[in-house]
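Chain by chain, the residues run as shown.
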Amino acid sequence: MAGLVEVSVDDFRVALLRLNRPEARNALSPEMRTEIAESLERLDADPEVRCIVLAGHDEFFAAGADIRAMAERPVDAAPDPKGIEFWTRLTAIGTPTIAAVSGYAFGGGCELALACDMIVCDEGTRFGQPEITLGIIPGGGGSQRLARTIGKQRAMEYVLTGRRWDAKTAERWGLVNRVAGKGAWLTEAIELARIVAERAPLAVRLGKRAVLAAQETSLAEGLREERALFEEAMASEDRVEGMTAFLEKREPRFQGR
Ligand code: CO8
């Protein structure tokens, strides 16, 4: 039986993780969340992988959490500690991640894209946090990441109405890095990933941490964090190689040290 995710790595050190549960529109069942987290952790531990593209199907990225599985939970059940675990595991991934989104990303699917470091989508993509129509609210970081990315007023409107927004709107709000022309969403995401994968791997991971600090801390703390990460980059052999290559007018050969 095919797995709930499919993983491959290309010659450019870009890993492609594809969600594979088409019969339920890639709804993120507990089993699927476990497979995604385990696959990402495996790729993150592989020094040959420099960037990860997380993609769905042409017609859908993911339709959200698995409503069938959630519907089974009794109203008086204790909070599920595993609910948050998936998102915490995602946040701990040090390798840059790019969500390649086509079709729609709803609910937990939108939250999964938001939890990635960048998003490339197809021109026909629709996003949405429809949880409110089910009597719940986003539970995978959607309210927080949306508000931080598109602003509180917009996040409030879309979380409280459950209405969808399109790719152009997502681009205007700064929610996505690129809107690809019809059918080019995956190629463009992989192209972007290959550029990241060419860069000094240590510096890439430090850069990711520095940018994420901007979302998580005050400016003063973020500036301190950036400086500490900058010093780590300055202490790397790749920094010496990068600067020497520039002065010698040649391409750098980064070793990840
Ligand atoms: N969960 C479980 N099954 C689903 C889901 C889902 N989210 N979405 C679709 N399916 C199933 C359908 O039940 C159907 O199954 P079956 O063939 O057995 O009847 C099959 O997928 C195909 O679905 P449709 O026939 O509805 O397909 P359409 O192409 O007509 O429509 C839609 C696709 C528009 C995506 C529609 O299925 C839909 O509206 N789905 C629900 C979207 C939604 O409300 N998402 C939010 C879910 S709640 C959530 O995400 C909370 C997040 C909390 C934390 C995150 C944890 C991961």
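Quantities reported herein were computed from a predicted structural model and do not represent experimental measurements. (Residues numbered from 1 in each chain as written. Predicted model: local features only at pLDDT ≥ 70, side-chain atom pairs only at ≥ 80, totals over all residues. Heavy atoms only, no water.)

Participant: Which residues make up helix 3 (residues 81-91), and what are the values?
Facilitator: Those residues of helix 3 that fall on the buried side of the exposure criterion are Phe-86, Trp-87 and Leu-90. Down the axis of helix 3, the smallest arc covering the buried residues is 85°, so these residues share one side. Every exposed residue of helix 3 that faces more than 90 degrees away from the buried side is listed here: Pro-81, Lys-82 and Ile-84. Of the surrounding elements, those touching the buried residues of helix 3 are helix 1 (30-44) and helix 4 (108-115). Where helix 3 begins, the capping side chain belongs to Asp-80, and its oxygen is found 2.9 Å from the backbone nitrogen of Lys-82. (Buried < 20%, exposed > 50% of the residue type's maximum accessible area, 1.4 Å probe, protein only. Helix = DSSP H or I, 4+ residues; strand = E, 2+ residues; numbered from the N terminus. Arc of directions from axis to C-beta. Contact = heavy atoms within 4.5 Å. Polar contact = N/O pair within 3.5 Å; in protein donor to acceptor, adjacent residues only side chain to side chain.)

Participant: Outline a nonpolar patch on the surface, listing residues and values.
Facilitator: A contiguous nonpolar surface patch, about 340 Å² in accessible area, is contributed by Ile-67, Met-70, Leu-134 and Ile-136. Positionally, Ile-136 belongs in the loop between strand 7 (126-128) and helix 5 (142-150). In this structure Ile-136 comes out as partly exposed when scored by relative accessible area, which is 35%. (Patch = residues over 30% accessible without salt bridge, like charges linked within 9 Å, V, L, I, M, F, W, Y side chains within 5 Å. Areas by Shrake-Rupley, 256 points an atom, 1.4 Å probe, with all protein chains shown as cover. Salt bridge = Lys/Arg side-chain N within 4 Å of Asp/Glu carboxyl O.)

Participant: Outline the packing of helix 5 against helix 6 (residues 152-161), listing residues and values.
Facilitator: For the pair helix 5 and helix 6, the least separation of the axes is 7 Å and the interaxial angle reads 140°. The orientation of helix 5 relative to helix 6 falls into the category oblique. Of the two elements, helix 5 crosses helix 6, and the hand of that crossing is right-handed. Where helix 5 approaches helix 6, its residues Leu-146, Ala-147 and Ile-150 are matched on the opposing element by Lys-152, Arg-154, Ala-155 and Val-159. Among the residues forming the contact of helix 5 with helix 6, the class breakdown is 5 nonpolar, no polar and 2 charged. (Axes fitted to C-alpha atoms, helices over the stretch in contact; angles between N-to-C directions. Parallel < 35°, antiparallel > 145°, perpendicular 65-115°, else oblique. Left-handed = near helix turned anticlockwise from the far one by under 90°. Nonpolar A, V, L, I, M, F, W, Y, C, P; charged D, E, K, R; others polar.)

Participant: Hey, could you go over the domain arrangement of the protein chain for me, with residue numbers and the actual values?
Facilitator: If you check the domain split of the protein chain, you get domain 1 (5-198) and domain 2 (201-247). One C-alpha centre belongs to domain 1, the other to domain 2; they are set 26 Å apart. Contacts between the two partners involve 11 residues from domain 1, matched on the other side by 6 residues from domain 2. Note on domain 1 versus domain 2: buried area summed over both sides is about 770 Å², and carbon and sulfur give 45% of it. One can count 2 salt bridges joining domain 1 with domain 2. There are 6 residue pairs in polar contact (both at pLDDT 80 or more) connecting domain 1 and domain 2. Within the side of domain 1 that touches domain 2, the residues separate by chemical class into 3 nonpolar, 4 polar and 4 charged. (Domains from an automatic or database assignment. Buried area = accessible area lost by both parts, 1.4 Å probe.)

Participant: Any details on the site of the ligand? Residues and values, ideally.
Facilitator: Around the ligand, the surrounding shell holds 24 residues, and the nearest of these are Ala-63, Ala-65, Ile-67, Tyr-104 and Gly-108. In the model, a nitrogen atom of the ligand is placed 2.8 Å from a nitrogen or oxygen of the Ala-63 main chain. In this structure, a nitrogen atom belonging to the ligand sits 2.9 Å away from a main-chain N or O atom of Ile-67. Only helix 2 (67-71) and helix 4 provide two or more residues apiece to the shell around the ligand. Per-element tally for the shell around the ligand: the top contributor is helix 2, with 3 residues. When the residues that make up the shell around the ligand are grouped by side-chain class, the tally is 11 nonpolar, 5 polar and 8 charged. (Near = heavy atom within 4 Å.)

Participant: Describe the state of the cysteines, naming the residues involved and giving the relevant values.
Facilitator: A complete count under the given rule lists 0 disulfides for this structure. Counting only cysteine sulfurs, Cys-121 is the nearest neighbor of Cys-110, a cysteine outside any disulfide, at a range of 11 Å. In this structure Cys-116 is a free cysteine whose sulfur lies 9.9 Å from that of Cys-51, the closest cysteine sulfur available. (Disulfide = S-S within 2.5 Å.)

Participant: Let's hear about the layout of surface pockets: which residues, and what values?
Facilitator: Computed from the structure, the largest pocket encloses a volume of approximately 1100 Å³. Along its surface, the largest pocket is lined by 40 residues, and Arg-33, Ala-65, Asp-66, Met-70 and Ile-136 are the ones closest to its centre. Residue assignment for the lining of the largest pocket shows that the elements contributing at least two residues are helix 1, helix 2, helix 3 and helix 4. If you tally residues by element for the lining of the largest pocket, the top one is helix 3, at 7 residues. Class assignment for the residues of the lining of the largest pocket results in 20 nonpolar, 9 polar and 11 charged. (1 Å grid on protein atoms, 1.4 Å probe; cavity = no way out; pocket = protein on both sides within 12 Å on 5 of 7 lines; lining within 4 Å. Points joined across faces, edges and corners; volume = space filled by probe spheres on them.)

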